[in-house]
Amino acid sequence: MKISAKRVAAMGVLLAAACIVFLIESLVPPLLPMAPYVKIGLANVFVLLVIIYFGAWQAFVFVLAKNLLTALIAWSTFAFLLNLAGSLCAYLVMAGLYAAVFPRVSLISVSICGAIVSNIARVSVVVLLMQTPSLYLQLPFVCVFSVAAGVIVGVLTILSVKHLPERLTNYK
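The structure presented is a predicted model; accordingly, all values stated were derived computationally and were not measured.

1. Here's the deal with the overall build of the protein
In step 1: Looking only at helices and strands, the protein features 7 helices and 0 strands.
In step 2: Along its sequence from the N terminus, the protein presents helices and strands in the succession α-α-α-α-α-α-α.
In step 3: A globule of 172 residues ought to have a C-alpha radius of gyration of about 16 Å, and the protein, at 16 Å, matches this closely.
In step 4: Along the first, second and third principal axes, the C-alpha atoms of the protein reach 50 × 35 × 25 Å.
In step 5: Burial status across the protein gives 41% buried among its 172 residues.
In step 6: Of all intrachain contacts in the protein linking residues separated by at least 6 positions in sequence, the fraction that spans at least 24 positions is 74%.

See the structure below:
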């Protein structure tokens, strides 16, 4: 498949925006003090937009590029592992749900599922790295937080899809 310059430019802008949002979000103090590695994941708005407008394969490349770029900027192996696990798991769930059930299920539901899986993956990575299975006791709180985070990301994605002009979303 031939990729046009307009598509590459649009992906680059979305990638830059996702990285900036991710870096700004990483500066915010933890919203769940007992689990400081859990976050809202506002950059997933851009991942969902790429899934919608470009497809699952290009969204996979987008997720990998976002994680590599933010790891180079943040320069933290621990954060890279957390973010990669969370991003890939969220991507797999969101792309799968979008492809399988999207018109019947809202983007908010897709986003909520992605947020839950992402934060469970992040907790799992912390458990593996720190060898503390007792951290799984946090999962009920993390899942409640993830539902709220998924609603926020889903609403922002719907607003973006609704209000972006067609000339900015037609990348054929």
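2. Digging into the packing of helix α3 (residues 56-74) against helix α4 (residues 77-101)
Each pair of packed helices gets described by two things: the angle between the helix axes and the distance between those axes.
In step 1: For the pair α3 and α4, the least separation of the axes is 10 Å and the interaxial angle reads 165°. The pairing of α3 with α4 is recorded here as roughly antiparallel in orientation. In this structure, the crossing between α3 and α4 has a hand that is right-handed. The segment α3 lies against α4, with Ala 56, Trp 57, Ala 59, Phe 60, Val 63, Leu 64, Lys 66, Asn 67, Leu 68 and Ala 71 engaging Phe 80, Asn 83, Leu 84, Ser 87, Leu 88, Tyr 91 and Ala 95.
In step 2: Among the residues making up the contact of α3 with α4, the classes are represented as 13 nonpolar, 3 polar and 1 charged.

3. A few points about the environment of Val 38
In step 1: Looking at where Val 38 falls in the secondary structure, it is placed in the loop between α1 (5-27) and α2 (44-54).
In step 2: Sequence separation of Val 38 and Leu 82 is 44 residues, and the distance between their C-alpha atoms is 9.3 Å.

4. Regarding the nonpolar core
In step 1: In terms of nonpolar packing, the biggest core is built from 42 residues, with Val 38, Val 50, Ile 51, Phe 54, Phe 62 and Met 94 touching the most fellow members.
In step 2: Taken together, the elements giving at least two residues each to this core come down to α1, α2, α3, α4, α5 (107-130) and α6 (139-163).
In step 3: A total of 9 residues in this core trace back to one element, the largest contributor, which is α2.

5. Re the side chain of Ser 87
In step 1: Among the secondary structure elements, Ser 87 is positioned in helix α4.
In step 2: Looking at Ser 87, its side chain comes within polar contact range of the side chain of Lys 66, at 3.4 Å.

6. Concerning the confidence of the model for the protein
In step 1: Taken residue by residue, the protein gives an average pLDDT of 86. The fraction at 70 or more is 96%.
In step 2: Of all the helices and strands in the protein, helix α7 (residues 166-169) carries the lowest mean pLDDT, 67, while α2 carries the highest, 92.

7. Some points on unusual backbone geometry
Residues other than glycine predominantly adopt negative phi, and peptide bonds predominantly adopt the trans conformation.
In step 1: Within the chain, Gln 131 stands out as a residue other than glycine whose phi angle is a positive 50°.
In step 2: Examined against the element boundaries, Gln 131 turns out to sit in the loop between α5 and α6.
In step 3: Owing to a relative accessible area of 68%, Gln 131 belongs among the exposed residues under this scheme.

What counts, and at which threshold
- Residues numbered from 1 in each chain as written.
- Predicted model: local features only at pLDDT ≥ 70, side-chain atom pairs only at ≥ 80, totals over all residues.
- Heavy atoms only, no water.
- Helix = DSSP H or I, 4+ residues; strand = E, 2+ residues; numbered from the N terminus.
- Rg over C-alpha atoms; globule rule 2.2 N^0.38 Å.
- Buried < 20%, exposed > 50% of the residue type's maximum accessible area, 1.4 Å probe, protein only.
- Contact = heavy atoms within 4.5 Å.
- Axes fitted to C-alpha atoms, helices over the stretch in contact; angles between N-to-C directions.
- Parallel < 35°, antiparallel > 145°, perpendicular 65-115°, else oblique.
- Left-handed = near helix turned anticlockwise from the far one by under 90°.
- Nonpolar A, V, L, I, M, F, W, Y, C, P; charged D, E, K, R; others polar.
- Core = buried A, V, L, I, M, F, W, Y, C linked by side-chain atoms within 4.5 Å.
- Polar contact = N/O pair within 3.5 Å; in protein donor to acceptor, adjacent residues only side chain to side chain.
- pLDDT = per-residue confidence, 0-100.

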